[in-house]
Amino acid sequence: MFTYLFFLYCAVMIVGTGLLAITMRNPVHAVLMVLVLFFHMAGLYLILGAEFLAAVQIIVYAGAILVLYLFVLFLVSLRDEVKMDRFVTSAWLGRIISVGLAVSLISMLPTFVLGQKGHWPMAAVIKATHTKALGMEMYTSYILPFEIAGLILLIAVIGGLVLAKHDTPTTIEKS
Amino acid sequence: MHVLILFIEILILFAIIMLHVAYATYFERKIIGHMQVRMGPMRVGWHGLLQPIADGIKSFFKEDVVPEQADVVTFRAAPIICLTAMLTSLAVLPFAKGWVLADINIGLLFIFAMSSLSSYGVILAGWASNSKYTFLGGLRSMAQVISYEVAMGLSLVGVMMLSGTLNLTKIVEAQGGSFGGMYIFPQIIAFFVFFIAMLAETNRVPFDLPEAETELVSGYATEYSGMRYAIFFMAEYIGMMVMSSIGTICFLGGWNGPFEVTIFPPFWFVVKVYAFMFVFIWIRATLPRYRYDQLMSIGWKVLIPLALGNIVLTGFIKAFTG
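Residues numbered from 1 in each chain as written. Chains lettered and ligands numbered in written order. Predicted model: local features only at pLDDT ≥ 70, side-chain atom pairs only at ≥ 80, totals over all residues. Heavy atoms only, no water.

1. Some words on the interface of chain B and chain A
Point 1. Facing 20 residues of chain B, the contacting portion of chain A comprises 23 residues.
Point 2. Looking at the side of chain B facing chain A, the largest losses of area belong to B:Ile106, B:Tyr120 and B:Trp127, adding up to 28% of the total buried there.
Point 3. The tally of links between chain B and chain A comes to 0 salt bridges.
Point 4. Seen at the junction of chain B and chain A, the total is 3 residue pairs in polar contact (both at pLDDT 80 or more).
Point 5. Among the secondary structure elements, those contributing two or more residues to the side of chain B that touches chain A are helix 4 (107-128) and helix 5 (132-163) of chain B.
Point 6. Of the residues that constitute the side of chain B that touches chain A, the class distribution is 15 nonpolar, 4 polar and 1 charged. (Contact = heavy atoms within 4.5 Å. Buried area = accessible area lost by both parts, 1.4 Å probe. Salt bridge = Lys/Arg side-chain N within 4 Å of Asp/Glu carboxyl O. Polar contact = N/O pair within 3.5 Å; in protein donor to acceptor, adjacent residues only side chain to side chain. Helix = DSSP H or I, 4+ residues; strand = E, 2+ residues; numbered from the N terminus. Nonpolar A, V, L, I, M, F, W, Y, C, P; charged D, E, K, R; others polar.)

2. With respect to the domain arrangement of chain B
It is common to give the size of an interface as the accessible area that goes away when the parts come together.
Residue and element names in this part refer to chain B.
Point 1. When the domains of chain B are assigned, the result is domain 1 (1-61) and domain 2 (65-321).
Point 2. When each unit is reduced to the centre of its C-alpha atoms, the spacing between domain 1 and domain 2 is 20 Å.
Point 3. At the junction of the two partners, domain 1 supplies 18 residues and domain 2 supplies 21 residues.
Point 4. Summed over both partners, the interface of domain 1 with domain 2 comes to about 1900 Å²; 83% of that surface belongs to carbon and sulfur atoms.
Point 5. By the criterion of area lost to domain 2, the three top residues of domain 1 are His20, Phe27 and Glu28, representing 28% of everything that side buries.
Point 6. At the junction of domain 1 with domain 2, the criterion picks out 1 salt bridge.
Point 7. Residue Arg284 is joined to Glu28 by a salt bridge in which the shortest nitrogen-to-oxygen separation is 2.6 Å. (Domains from an automatic or database assignment.)

3. Focus: the side chain of A:His40
Point 1. Tracing the backbone shows A:His40 in helix 2 (residues 27-47).
Point 2. Leaving out residues up to four positions away in the same chain, A:His40 has contacts with A:Tyr9, A:Cys10, A:Met13 and A:Ile14.

4. Here's the deal with the packing of aromatic side chains
Point 1. For the structure shown, the criterion picks out 22 aromatic pairs over all chains.
Point 2. Residues B:Trp99 and B:Phe264 carry aromatic rings whose centres are separated by 6.3 Å and whose planes lie at 85 degrees to one another, so their mutual orientation is edge-to-face. You can see B:Trp99 sitting in the loop between helix 3 (72-89) and helix 4 and its partner B:Phe264 sitting in the loop between helix 9 (226-251) and helix 10 (267-286), a full 165 residues away along the chain.
Point 3. Residue B:Phe264 is classed as partly exposed on the basis of its relative accessible area, which comes to 37%.
Point 4. Taking 6.0 Å as the distance between ring centres and 10 degrees as the angle between the ring planes, the aromatic pair formed by B:Phe316 and B:Phe320 counts as stacked. Of this pair, B:Phe316 and B:Phe320 are both found in helix 11 (residues 292-321), 4 residues apart, which corresponds to roughly one turn of the helix.
Point 5. Among the residues examined, B:Phe320 registers a relative accessible area of 68% and is labelled exposed.
Point 6. Taken together, the ring pairs connect B:Phe191, B:Phe194, B:Phe195, B:Phe251 and B:Phe276 into an aromatic cluster.
Point 7. The ring of A:Trp92 is capped by A:Arg95, whose NZ or CZ atom sits 4.9 Å from the centre of that ring. (Phe/Tyr/Trp six-rings, centres within 6.5 Å; stacked < 30°, edge-to-face > 60°. Buried < 20%, exposed > 50% of the residue type's maximum accessible area, 1.4 Å probe, protein only. Lys NZ or Arg CZ within 6 Å of the ring centre and 35° of its normal.)

5. Observations regarding the confidence of the model for chain B
Point 1. Summary statistics for chain B give a mean pLDDT of 85 and a share of 100% for residues scoring 70 or more.
Point 2. Taken together, the chains of this predicted complex give a pTM of 0.84 and an interface ipTM of 0.80. (pLDDT = per-residue confidence, 0-100.)

6. Description of the packing of helix 3 (residues 51-75) of chain A against helix 4 of chain B
Point 1. At a minimum axis distance of 9 Å, the contact between helix 3 of chain A and helix 4 of chain B shows a crossing angle of 20 degrees. It follows that helix 3 of chain A is roughly parallel to helix 4 of chain B by the angle criterion. Pair helix 3 of chain A / helix 4 of chain B crosses with left-handed handedness. From helix 3 of chain A, A:Phe52, A:Ala55, A:Ile58, A:Ile59, A:Ala62, A:Gly63, A:Leu66, A:Val67, A:Leu70 and A:Phe74 reach across to helix 4 of chain B, where they touch B:Leu109, B:Phe112, B:Ala113, B:Ser116, B:Tyr120, B:Ile123 and B:Trp127.
Point 2. In terms of residue class, the contact of helix 3 of chain A with helix 4 of chain B is built from 15 nonpolar, 2 polar and no charged. (Axes fitted to C-alpha atoms, helices over the stretch in contact; angles between N-to-C directions. Parallel < 35°, antiparallel > 145°, perpendicular 65-115°, else oblique. Left-handed = near helix turned anticlockwise from the far one by under 90°.)

7. Focus: helix 7 (residues 188-201) of chain B
All names here are of chain B.
Point 1. Spanning 14 residues, helix 7 covers 20 Å between terminal C-alpha atoms, matching the ideal 20 Å at 1.5 Å per step.
Point 2. Of all 14 residues that make up helix 7, 11 are buried, and the element is covered over most of its length.
Point 3. For helix 7, the secondary structure elements touched by its buried residues are helix 4, helix 5, helix 9, helix 10 and helix 11.
Point 4. Backbone geometry just after helix 7 places Asn203 at a positive phi near 55 degrees. (Expected span 1.5 Å × (residues − 1).)

8. Section: the layout of surface pockets
Point 1. Estimates place the volume of the largest pocket at around 1800 Å³.
Point 2. A:Phe52, A:Val56, B:Leu109, B:Val157 and B:Met160 are the residues nearest the centre of the largest pocket, which is lined by 39 residues in total.
Point 3. Of all the secondary-structure elements, those providing two or more residues to the lining of the largest pocket are helix 3, helix 6 (130-139) and helix 7 (143-164) of chain A together with helix 4, helix 5 and helix 11 of chain B.
Point 4. Ranked by residues supplied to the lining of the largest pocket, first place goes to helix 5 of chain B with 9 residues.
Point 5. Among the residues making up the lining of the largest pocket, the classes are represented as 24 nonpolar, 11 polar and 4 charged. (1 Å grid on protein atoms, 1.4 Å probe; cavity = no way out; pocket = protein on both sides within 12 Å on 5 of 7 lines; lining within 4 Å. Points joined across faces, edges and corners; volume = space filled by probe spheres on them.)

Here it is in structure tokens:
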């Protein structure tokens, strides 16, 4: 009962703050709404017994990525709002398309089937603690996908370095 | 019934921590005073003992000024975010065996999450005040916290590897009661990194750039007055205490000591935390402030590689010795 109520609360808050995040005029307020949203997503993970994921959700998304967003928002001058030409000129056409998209997505919901049960039922996860269970699976059964993901991230890091570092001969090295 | 007992425990902890915060300021002023060959607070009560109470009452009754151009809601919420995040992390600290409000399996990660949340308070205070000084203070704090959180997290990975758990109580138990069991000996590099990152995370001298008085008036807290200013102060002192507790738990063996004090089990914990606090204050009285680029280069070019090296070293030693 309590879990159900907590789930409802989290779900309502996620949808509500998500809507607020895209409708608020002030970008910093929008980012704050996303922060609240991330906290409630962490709450959902807690309901599922995934405590490690919940902590990582807050540390990585709320603690690092959103702070970086705020940094960009602060450093980019936001005096004048960016006005763009509408991609779809008629507002009604846009509404019809979005409603159609929503209907088609919702109509797909009944086809959702639960995946196969793994060899980590809830009791075993709780006994071994979630962090340990996740680590065991990731570094034994799924080591190859894990390494591939690591390699992709490494490529992204190197790409970021290459893009950020302009080799101009006039650059003076600071000690 | 269980909820009621928990609620009473929370109230007791809250009261003790608030008293602690008040007297930590007294502790700091006295120590710095004596280090600088003056007396420190002397007027209110015997040797100024009632000074923190007087300060608290004074800040309660001061006018709460909100700047005209400020973003009012964010401005008002920022100090509360700071204090709440810091107070929440107290819930997972084991003060003695069984003396913990929430003995959760991800205690260490929880503390990281809360300390990164408290940086939002500082950032938002800087932005919402709509002033140059506070804004620069907020930006500095943001960059500093992001950089040093990485170093701090990595430095504690060695401790996690040795103890094999994230539960703070189990980390203390894994170190055992003996002097040689403390993780400060096998993890001396990690302790070095942790200690410097701890100073930077709590915005203390020599890394107090977000509130550098000589450049930024009072940094992010410039526009705050009365109780809201005091709340930032409380958050800073609770932050110091939480970081000292993490240092005590992860490196100094927590509540274990040379002999057991049965009437007050957290005795050794408190002693170690106060030793940390003393070093904090000692450093404040001794060292000048770092320059901002020096701060960044130490964080990224020295501390993070050191912490990564420590992880590799610990891994090798653990793999070869079992």
